[in-house]
Each structure stands twice: as C-alpha cells, then as structure tokens.
Amino acid sequence: MSSRDFVYERFSEFYSAPSTVIPSPVSLGQREIGFLLLKERIMLRHKVFARIRDLKLFLSETIPSDVYRSCAYYENPAAEMDKKGWLGADLVFDIDADHIPTSCSKIHDEWTCGNRECGFNGKGITPENCPICGGKKFDTKTWPCDLCLESAKNETAKLIDMLEKDFGFSSKEMSVFFSGHRGYHVHVENEAVKTLDTVARKEIVDYVFGLGLTVSGGKTKGKSRRRRAARGFSLHDFGWNKRLKLGLQNFILNATKEDLKTAGVKGKADNEILENKELILKRCVEDGRWDSVKGVGVGTWKKLAEHVKDLESSKIDTVVTTDTHRLIRMNGTLHGKTGLKKIEFPLGSLDDFDPFKEAVAFKEGAVKVFVSDAPEFRLGGNVFGPYKRKTVELPTAAAVLLICKGRAEVAN
Ligand SMILES: [Zn+2]
Ligand SMILES: [Zn+2]
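All figures in this text were calculated on a predicted structure; none of them were measured in a lab.

### Concerning the sheet that holds strand S13 (residues 343-345)
Thinking step 1. Taken in spatial order, the four strands line up as S6-S11-S10-S13 in an open sheet, and their pairing is antiparallel. The open sheet terminates on both sides in strands that have one partner only, identified here as strand S6 (91-96) and S13. Strand-to-strand twist across the sheet, computed as the mean angle between neighbouring axes with direction ignored, equals 25 degrees.
Thinking step 2. Sheet analysis places strand S10 (residues 174-178) next to S13, joined by three bridges and oriented antiparallel. Bridge pairing in S13 links Phe177 to Glu344.
Thinking step 3. Where helix H4 (residues 146-165) meets the sheet, it contacts S6, S10 and strand S11 (183-188), and its direction lies at approximately 15 degrees from that of S11.

Listed below in structure tokens is the structure:
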C-alpha cells in the first residue's frame with residue numbers, strides 16, 4: 001500500500017465516522033468553502049453549503065487533505081470573486097511558528113530555494129527572498145515542535161490580552177483555535193469589526209505589532225532641556241503605555257548582563273542597571289524621572305523601550321488579518337500536513353491546552369513505517385523517536401503525522 005493511499009483511507013474514515021463532528025461557523029450559507037483534494041492535489045473553491053451535514057457528506061465523498069472557509073460573508077458565495085457581493089468579514093489572526101524566531105527552528109526547520117537552477121538552502125526561518133537569486137518560492141521542511149508551539153501560545157496570550165484590555169472585546173466575541181500544525185488562530189466575531197476594510201484591519205495589525213509607536217525622549221539638546229523633556233514623561237496605565245511600563249519592570253527585574261546586551265545597552269549602563277535595579281524601577285519606571293539615575297540616560301531608555309516593545313508585541317501573520325476575503329482552515333477538520341485537527345478550546349484554558357493530546361484525530365490501530373528522519377516528539381501522551389532510517393511500528397496518529405510531514409513511508 002502506498003503512503004498516500006494509507007493517509008487517504010484514514011482521512012476517509014475520519015470524515016465518514018458518525019462520531020466526527022464539524023462545528024458549523026456562523027452563517028455557513030454566506031461563506032465560501034474551499035478544499036484541497038488529497039489525491040488530485042487540486043484546489044476546489046467557491047463552494048457553498050446550506051447545512052453542515054451537506055458539507056460533511058461532501059467531505060466523506062471527496063476526501064480533501066485540507067478544508068477552508070471564508071472569514072467573509074457574501075450574498076453569493078459561489079460566484080466569482082468580484083461578483084460575490086461582500087457583506088463583511090470576521091477579524092481573524094493567525095499566529096504561526098513560521099513567523100516566530102525560536103532557537104529550535106535552526107535545528108528542525110530547513111528551506112531550499114524553489115528555483116531549480118539555484119537550489120540554495122539554509123536552516124531556520126524561511127527568508128522572504130532567496131539571498132542568492134532573489135526568488136520567492138521555497139521548499140520547506142518544518143516540524144511542529146513543542147517549543148515552537150509554546151512560543152506560538154505565548155504570542156497568542158499577548159494578542160488575546162490586547163484584544164480584551166485595549167480593544168475591549170469580550171471573551172464571548174473571541175474564539176481561539178489550535179491550527180492543526182504549528183500555531184493558533186484567534187477569531188473575533190462582532191458587528192463592529194465585520195465591515196472594517198483592509199486599511200482599518202492594517203491599523204489593528206500595526207497596533208498589535210506596536211508599529212509606529214515612537215519611543216522618544218524629545219529632540220532637545222543640552223542638559224537642562226533634556227532634563228525637562230525627560231522629566232515630563234511618565235507612562236500611564238492604558239494601552240501600549242501600560243504594556244511598556246509592565247514590560248520594562250519585568251525586563252529590568254529579571255535582566256542579566258546577557259539580556260541587556262541583547263537589548264543593545266552599551267558602555268557602563270549595563271552595570272549601572274544591574275546594580276541599581278530597585279532604584280531604577282522606583283524612580284524611573286514608576287515615577288517617570290528617566291534621567292534620575294546616573295549612567296542610565298535617554299539613549300539607554302530608548303534601547304530598552306524598543307526591546308521591550310518587541311517582547312510585548314504579538315507576532316501575528318499580517319496578511320491573514322488584512323485580507324478581507326481570506327480562506328481559513330475550518331474548525332473540526334484535518335490538517336493535511338499533520339493529520340491533526342483544527343480545534344477550538346476555551347479562551348481561559350490557553351495555558352493548559354495541549355495540542356499534542358487534544359488535536360489527535362486517529363485514536364486506533366498501528367502501522368509499520370520506515371522513518372527517514374524524525375526528531376523526538378510527543379503525541380497522545382506518548383513520546384516517540386528520534387528516528388533515523390529506521391523501521392518501526394507506530395500508532396496510526398504518529399504514523400500519519402510522519403507521513404504527512406514527509407518523514408516516513410508505509411513499510412510493506
Ligand atoms: Zn535561489
Ligand atoms: Zn521548535
């Protein structure tokens with residue numbers, strides 16, 4: 001049996017099983033539904049379903065590797081793009097390890113330039129352009145690792161905090177999902193966001209990134225004027241001001257020499273900070289008297305604030321949020337790169353949520369596979385690997401994951 005047939009059969013069983021529940025998005029009949037067919041590898045778009053059971057029947061008959069639905073609502077979802085009659089769209093955020101710099105990505109992620117004549121390759125985050133030929137297409141080999149998903153979860157927590165406290169969305173208006181691969185999705189469904197255009201959505205993205213937030217100590221030269229400028233600025237308790245204040249407190253309190261170096265603090269300022277932490281936190285961060293500790297000047301504060309802004313911002317995928325016609329993976333369906341489910345979980349359970357337990361779709365059976373290369377991984381409460389050119393019998397979920405990630409083949 002070929003590996004693709006094996007995966008096809010498992011996906012087929014999943015979509016045919018009466019126990020499989022695909023939760024319906026709000027106003028299903030106004031959404032465009034799209035599919036990537038598993039065997040044919042072609043994309044079907046502009047489909048529309050009135051009821052979720054019609055969609056489930058379609059899934060069990062066509063067996064897609066991936067199922068998408070529009071974040072938009074349309075008068076006529078089945079029409080061509082410019083004739084659909086856009087009525088509005090949910091506000092969606094995608095947080096993916098692909099966009100987060102983690103130390104482990106250098107170990108498990110690889111990219112190769114898609115330009116065959118070039119073929120340049122590297123490790124870590126895929127660049128936007130090939131450094132040799134400038135090409136934009138890449139073949140990538142990534143891994144949904146525990147650490148990467150922890151970082152993605154961290155970014156998700158920061159985003160949710162901003163949406164709640166700075167934008168004022170209630171937990172009822174927000175939903176959070178594991179994407180089924182290397183990240184999380186946050187959806188906001190609310191009348192106020194529905195008709196926001198791309199420009200307005202870009203402003204929200206900029207806020208989340210802290211883009212355009214200028215950390216300035218004033219342009220003044222000379223001691224007395226600089227002092228006045230520095231004295232006149234204290235961080236208040238809302239929005240980015242509060243985020244910077246808490247972030248600075250947290251950073252300074254826990255900072256090591258190495259952290260300060262990473263933040264770009266130069267000269268003797270690092271020792272001054274390390275030796276006067278409490279004084280700095282009280283006089284500078286709390287009271288806003290930024291120049292009151294000798295050796296820690298405006299230049300140092302700018303560097304610290306920029307660094308903290310980077311730590312406190314949330315690394316979302318810009319394109320997903322600004323595209324008002326975006327197709328996004330459908331809740332309850334399988335991810336073609338892992339065989340894991342996209343699933344929703346309560347906002348309050350973000351800390352405890354374990355994607356490698358909750359998102360497992362295939363809970364029965366085992367199969368012998370030849371693994372070319374796989375790091376140690378956790379799935380359904382068990383730990384597997386690492387494997388290198390080895391034939392092993394694995395539970396279905398683990399085998400499907402490795403096959404979908406191109407790391408294993410069914411052993412005949
Ligand atoms: Zn290249
Ligand atoms: Zn990782």
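Having seen it, we continue.
### Focus on the coordination of the zinc ion (ligand 2)
Thinking step 1. At 2.1 to 2.3 Å from the zinc ion (ligand 2) lie its protein donor atoms, namely Cys104 (SG), His108 (NE2), Cys145 (SG) and Cys148 (SG).
Thinking step 2. All donors of the zinc ion (ligand 2) come from a single chain, and their spacing in sequence reads C-x3-H-x36-C-x2-C. Of this pair, His108 sits in helix H3 (residues 105-108) while Cys145 is found in the loop between strand S9 (138-141) and H4, placing the two residues 37 residues apart along the sequence.
Thinking step 3. Residue His108 is classed as buried on the basis of its relative accessible area, which comes to 11%.

### Some remarks on the coordination of the zinc ion (ligand 1)
Thinking step 1. Every protein donor of the zinc ion (ligand 1) is listed here as Cys113 (SG), Cys118 (SG), Cys130 (SG) and Cys133 (SG), and their distances to the metal cover 2.3 Å.
Thinking step 2. Considering all four donor atoms around the zinc ion (ligand 1), angles at the metal cover 99 to 114 degrees and the coordination shape is tetrahedral.
Thinking step 3. Within one chain, the residues donating to the zinc ion (ligand 1) are spaced in sequence as C-x4-C-x11-C-x2-C. Separated by 15 residues along the polypeptide, Cys118 in the loop between strand S7 (110-113) and strand S8 (121-123) and Cys133 in the loop between S8 and S9 bring together distant segments of the chain.
Thinking step 4. Among the residues examined, Cys118 registers a relative accessible area of 25% and is labelled partly exposed.
Thinking step 5. On the basis of relative accessible area, Cys133 is assigned to the partly exposed category, the value being 35%.

### Structural notes on H4
Thinking step 1. The end-to-end C-alpha separation of H4 is 28 Å, in line with the 28 Å expected for 20 residues at 1.5 Å each.
Thinking step 2. Of all the residues in H4, the buried ones are Cys148, Leu149, Ser151, Ala152, Lys153, Glu155, Thr156, Lys158, Leu159, Ile160, Met162 and Leu163.

### Here we look at the packing of aromatic side chains
Thinking step 1. Tallied over the full model, the rule gives 19 aromatic pairs.
Thinking step 2. Ring geometry for Phe345 versus Phe353: centroids 3.9 Å apart, planes at 10 degrees, classification stacked.
Thinking step 3. Owing to a relative accessible area of 5%, Phe353 belongs among the buried residues under this scheme.
Thinking step 4. An aromatic cluster of three or more residues is present, and its members are Phe11, Phe14, Tyr15 and Phe362.
Thinking step 5. Directly above the ring of Tyr73 sits Arg31, whose terminal nitrogen or CZ lies 4.0 Å from the centroid.
Thinking step 6. The ring of Phe177 has Lys342 lying over it, and the distance from NZ or CZ to the ring centre is 4.6 Å.

### A short note on the domain arrangement of the protein
Thinking step 1. Splitting the protein by domain gives domain 1 (3-94 + 166-195 + 317-361), domain 2 (105-141), domain 3 (223-312) and domain 4 (362-412).
Thinking step 2. Relative to domain 4, the C-alpha centre of domain 2 lies at a distance of 26 Å.

### Regarding the environment of Glu189
Thinking step 1. For Glu189, the location among the structural elements is in the loop between S11 and helix H5 (191-194).
Thinking step 2. For Glu189, a relative accessible area of 27% gives the class partly exposed.
Thinking step 3. Residue contacts for Glu189: discarding those within four places in its chain leaves Val26, Arg31, Arg69, Tyr73, Asp90 and Glu173.

Analysis parameters
- Residues numbered from 1 in each chain as written.
- Chains lettered and ligands numbered in written order.
- Predicted model: local features only at pLDDT ≥ 70, side-chain atom pairs only at ≥ 80, totals over all residues.
- Heavy atoms only, no water.
- Pairing = 2+ DSSP bridges.
- Helix = DSSP H or I, 4+ residues; strand = E, 2+ residues; numbered from the N terminus.
- Axes fitted to C-alpha atoms, helices over the stretch in contact; angles between N-to-C directions.
- Contact = heavy atoms within 4.5 Å.
- Donors = N, O, S within 2.8 Å, 3.2 Å for Na, K, Ca; no water.
- Buried < 20%, exposed > 50% of the residue type's maximum accessible area, 1.4 Å probe, protein only.
- Tetrahedral: all angles 85-135°; square planar, octahedral: opposite > 155°, others 65-115°.
- Expected span 1.5 Å × (residues − 1).
- Phe/Tyr/Trp six-rings, centres within 6.5 Å; stacked < 30°, edge-to-face > 60°.
- Lys NZ or Arg CZ within 6 Å of the ring centre and 35° of its normal.
- Domains from an automatic or database assignment.

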